[in-house]
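Coordinates in review
Single-letter residue listing:
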Amino acid sequence: MLPDRCSVKKEGKQCVNPPEFVISVVVENEEYMIGVTCQKHKQAVSEKVKILQNEGKIPKGKVNFSGLKAVGTDCIRADPEDIIQID
């Protein structure tokens, strides 16, 4: 399961946008998911990850943004009213 909102908080308030990207760091043959973000906060998150990498709080490696798409399956049913358009 992924969060239904962007991981960014600004001035103590959670971003209300749905996630559009999974943020991960690729180190050698390993990949570590560190959060999700919307398009609006993609650049800010990228800069923050680099700062945290320099501080040694996140492994150094390539920051990767993978696009998300809404999916409905037989075991995960999506109500058409609940679907959020993600391009």
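Notes on the structure follow. (Residues numbered from 1 in each chain as written. Predicted model: local features only at pLDDT ≥ 70, side-chain atom pairs only at ≥ 80, totals over all residues. Heavy atoms only, no water.)

1. A closer look at the pattern of salt bridges
As a working rule, side chains carrying opposite charge can pair if their charged atoms are close by. Going by this rule: What counts as a salt bridge is simple: a side-chain nitrogen of Lys or Arg found within 4 Å of a carboxyl oxygen of Asp or Glu. The rule is simple: take the accessible area with a 1.4 Å probe, protein chains only, and divide by the maximum for that residue type; under 20% is buried, over 50% is exposed, in between is partly exposed.
Applying the stated criterion across every chain yields a total of one salt bridge. E55 is the salt-bridge partner of K57, the closest N and O atoms lying 3.5 Å from each other. Since its relative accessible area comes to 62%, K57 is described here as exposed. Assessed through its relative accessible area of 47%, E55 is described here as partly exposed.

2. Quick word on the nonpolar core
Heads up, the rule is: Nonpolar cores were defined as sets of buried Ala, Val, Leu, Ile, Met, Phe, Trp, Tyr and Cys residues, with membership established by side-chain atoms within 4.5 Å. A run of H or I in DSSP counts as a helix once it spans at least four residues, and a run of E counts as a strand once it spans at least two, with each numbered from the N terminus. The contact criterion used throughout is that any non-hydrogen atoms of two residues lie within 4.5 Å.
With 13 residues, the main nonpolar core has C6, I23, V45, V49, I58, V63 and F65 as its most contacted residues. Breaking this core down by element, the ones donating at least two residues are β3 (21-27), α1 (42-54) and β5 (62-67). Beyond its immediate sequence surroundings of up to four residues, I23 is in contact with Y32, M33, I34, G35, V36, T37, V45, V49, V63, N64 and F65.

3. Some words on unusual backbone geometry
Note: most residues except glycine have negative phi, and most peptide bonds are trans. Despite not being glycine, E11 shows a phi value in the positive range, around 55°. Turning to its location among the elements, E11 is positioned in the loop between β1 (9-10) and β2 (13-14). When its relative accessible area of 77% is taken as the criterion, E11 is described as exposed. Backbone geometry places E28, a non-glycine residue, at a positive phi of 55°.

4. Here's the deal with the side chain of T37
One can find T37 in strand β4 (residues 30-37). Look at T37 and you get buried, because its relative accessible area is 0%. Contacts of T37, omitting those with residues within four sequence positions, involve C6, V8, P19, E20, F21, I23, K42, V45 and F65.

5. Section: the packing of aromatic side chains
To be explicit about the condition: In summary, the pairing rule links any two rings of Phe, Tyr or Trp, Trp by its six-membered ring, whose centres are within 6.5 Å, and it sorts them by plane angle into stacked for under 30 degrees, edge-to-face for over 60 and tilted for everything else. Two thresholds decide whether a charge sits over a ring: the Lys NZ or Arg CZ must be within 6 Å of the ring centre and within 35 degrees of the ring normal.
The full count for this structure, using the stated rule, is one aromatic pair. Residues F21 and F65 carry aromatic rings whose centres are separated by 6.2 Å and whose planes lie at 90° to one another, so their mutual orientation is edge-to-face. Separated by 44 residues along the polypeptide, F21 in strand β3 and F65 in strand β5 bring together distant segments of the chain. Owing to a relative accessible area of 13%, F21 belongs among the buried residues under this scheme. We note K42 situated over the ring of F21; from NZ or CZ to the ring centre the distance is 4.4 Å.

6. A closer look at the sheet that holds β5
What counts is decided by this rule: Two strands qualify as a pair provided DSSP detects at least 2 bridges between them. Here an axis means a line fitted to C-alpha atoms, over the contact stretch when the element is a helix, while the angle between two N-to-C directions is reported on a 0 to 180 degree scale.
The three strands are arranged β4-β3-β5 in an open sheet whose pairing can be described as antiparallel. Pairing within the sheet leaves two strands with one partner each, and these edge strands are β4 and β5. Each adjacent strand pair in this sheet contributes to an overall mean axis angle of 30°, direction not counted. Inspection of the sheet shows β3 paired to β4 by seven bridges, in the antiparallel sense. By the bridge assignment, V26 is partnered in β4 with E31.

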